[in-house]
Amino acid sequence: MKNTEIAGIFRDIARILEIKGANPFRIRAYERAAQNIERLTEDIQILSTAGRIKEIPGIGEDLSKKIEEFLENGKIKTYEELKKSIPAALLELLKIPSVGPKTVKLLYDKLKIKSISDLEEAIQKNRLEGIFGIKEKTVENILKGIAILKKGKERMPLVQAALTAEEFVNALRKLPEVKKISVAGSLRRKKETVRDIDILIASEHPQPIMDTFIKIPSVKDVLAQGKTKSSVRTRDDVQVDCRIVEEKSFGAALLYFTGSKNFNIKLRQIAIKDGWKLNEYGLFKKNGFLAGRSEEEIFERLGLAYIEPELREDTGEIELAAKSQLPELLNLKDIRGDLHVHSLWSDGNNSIEEISSAAQKLGYSYIAITDHSQGLKVAGGLTLKELKKKKAEIEKLNKKLKNFRILYGTEADIDSKGNMDYKDEVLKEFDVVVAAIHSGFRQSKQQLTRRIVNACRNKYVHIIAHPTGRLWGVREAYDLDMDEIFKVACDTNTHMEINAFGERLDLNSQHCRRAKELGVRLAIGTDSHESSQLGLIRFGVAIARRGWLTSTDVINTLSLEELLKKLKK
DNA sequence: GCCGTTTTCGGCCCGACTGTTTTCAGTCG
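Just so we're clear, the structure is a prediction, and the values are computed from it rather than from any experiment.

Student: Run through the nonpolar core, naming residues and quoting values.
Tutor: Note that soluble globular proteins tend to have their nonpolar side chains buried in a common cluster. Counting 112 residues, the largest nonpolar core has Ile199, Ile367, Ile369, Ala435, Leu522, Ile524 and Ala544 as the members making the most contacts within it. Among the elements that take part in this core, helix α13 (residues 250–258) stands out by supplying 7 residues, more than any other. Those residues within four positions of Ile369 in sequence are excluded, and the remaining contacts are Val341, Ser343, Ile352, Ile355, Ile394, Ile406, Leu407, Tyr408 and Gly409. Ala34, Ile76, Leu119 and Ala122 belong to the second largest nonpolar core, which has 31 residues in total.

Below is the structure:
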């Protein structure tokens, strides 16, 4: 798909225009276009062929021509010309926190600084001193920014962010001055990756809270400290922002700090249309306060149904909320079981009995024990002999259980040609067969797609696990033709997994939304290797919700009988 | 550059904190 490429070009154009000091609204138009293209669930080439490019929000006459220009000859003339007008490396300078377009331009105009290494050298030689507007503190901030950029910790996985946030929230919640507290930002929206953590507090006495905030044990640096807003960086280089408002503004502030940016802009536009003003302190009519205590009352005033944080991306949810037509999203309590768990039999840390009892504590009706298959020796894959013993163990345990069932499963390996590493007569014995790619990641897009498609066509494969193979900090998602995979999955009644393991979150929410559009049902699995990890299921649910999924889109919500019926292909 | 029950022209979300030029521009979210 050319979507990402085109979005990248538009974003670059926006950055170049920023440095050149162009009309800020023109810049925003490019940014908005880039964002909307990135979020498309369809191939932009297909939209173009169908003459539907202008249906993309933020794409008008000019940008649609530029998109078509790119699809036709792989280049956009305006972009090529803009690139010539400034050194390409300047865009790299913009990535430094605390350095914006004005500073980049200043550094280039005065000192011909074109890259990060130029900048470092200039600082070392004290060449920044004496430049109008730059003094000691600014230089210090630039150096810190470069250090952060180099560490490459720009974003962290959702799970890590959630755990860090918990430490802060738990410490602050105890203070008597704290009336209400919540995380906000992309963490509350449950994005797969999070840049920094926002914590919002309602209080009439902010000072002691701020004092505690900057002294929480894991804080390394205090980046900014004001009366109502402070920022710190933890020892793991995670930025945490804390904001304190009065109780009557808590809802407005929560709405504002949860975002997303585009969502906020649209909400404020709705307020303006009604002659009102919306900011983080409330919804106002001239000088009068209309609402602000809770998010609910603001939505109501704006004539909108409540929009769940996970949907707040301005991808159609506001329009549906105005018509009260939002989907009822999947909830954690709808989940009746986990469909991807490892036990001691392969590379897990707990016995089947231990896992089964942990699952029952979560209120589940079933759990699939999907140990690795014989092809994956490094992960303790089971031989045919071991399978027999494992099956017998499960049967014995199941006899003792009431209202709960352990499902006999496997995570079978899809080999480099797309064949399963157990024969069909072995596969058909399992209640649940989860199939996954564990090697040969560097194959071409066509080869990788064919492997997964082949697996879907196997009569005994129920679920494709972690379909894109993304492993945070280890490897990128591999290039797949997702639409083709989804179509075959739909035709063959194969389910796509939302792998809830922290470093995976795979499929991601965009895939989920597309899968649903194409009629695919999804299965959530934690890929637990330790029974305490069963709780990760909430992150899988979060991804599903961000993908607009309802309980009928996810097979883990079925009763045991319905599930077993659904798994027959 | 987009977009339209205010408009095809003239708008485009809004505020906190920092550093520095001391009244405000730049950056960020």
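Having seen the model, we can carry on.
Student: Quick one: what's the story with unusual backbone geometry, residue by residue and with numbers?
Tutor: Following Gly259, the chain continues to Ser260 via a peptide bond in cis, the omega torsion being 0°. Among the secondary structure elements, Ser260 is positioned in the loop between α13 and α14 (261–273). Along the chain, Asp506 connects to Leu507 via a cis peptide bond; the corresponding omega equals 5°. Mapped onto the fold, Leu507 is located in the loop between β16 (495–499) and α22 (509–517). Residues other than glycine seldom take positive phi values, yet Asn493 does so here, at roughly 60°. Mapped onto the secondary structure, Asn493 falls in the loop between α21 (482–492) and β16. With 15 C-beta atoms counted inside 10 Å, the residue Asn493 sits in the partly exposed group. In the Ramachandran plot, Trp548 falls in the positive-phi region, its phi being about 65° despite a non-glycine side chain.

Student: Account for the environment of Gln510, naming residues and giving values.
Tutor: Tracing the sequence through the fold places Gln510 in helix α22. Counting along the chain gives 36 residues from Gln510 to Arg546, while the straight-line C-alpha distance between them is 7.9 Å. Other than its neighbours up to four places away in sequence, Gln510 contacts Arg39 and Thr41.

Student: Lay out the sheet that holds strand β5 (residues 219–225) in plain terms, naming residues and giving numbers.
Tutor: Pairing is mixed across the open sheet formed by 5 strands, whose spatial order is β2-β4-β7-β6-β5. In the strand order of this sheet, the two ends are held by β2 (180–184) and β5, each with one partner. Between one strand axis and the next, the sheet turns by 20° as a mean value, whatever way the strands run. Where β2 and strand β4 (residues 196–202) come together, 5 bridges link them in antiparallel fashion. The partner of Ser182 across the bridge, within β4, is Leu200. Helix α10 (residues 158–173) rests against β2, β4, β6 (229–234) and β7 (239–245) of the sheet, and its axis sits at about 25° to β4. Contacting β4, β5, β6 and β7, helix α12 (residues 206–213) crosses the sheet at an angle of about 170° to β7.

Quick notes on the rules
- Residues numbered from 1 in each chain as written.
- Chains lettered and ligands numbered in written order.
- Predicted model: local features only at pLDDT ≥ 70, side-chain atom pairs only at ≥ 80, totals over all residues.
- Core = buried A, V, L, I, M, F, W, Y, C linked by C-beta atoms within 7 Å.
- Buried ≥ 20, exposed ≤ 12 C-beta atoms within 10 Å, placed from the backbone.
- Helix = DSSP H or I, 4+ residues; strand = E, 2+ residues; numbered from the N terminus.
- Contact = placed C-beta atoms within 7 Å.
- Pairing = 2+ DSSP bridges.
- Axes fitted to C-alpha atoms, helices over the stretch in contact; angles between N-to-C directions.

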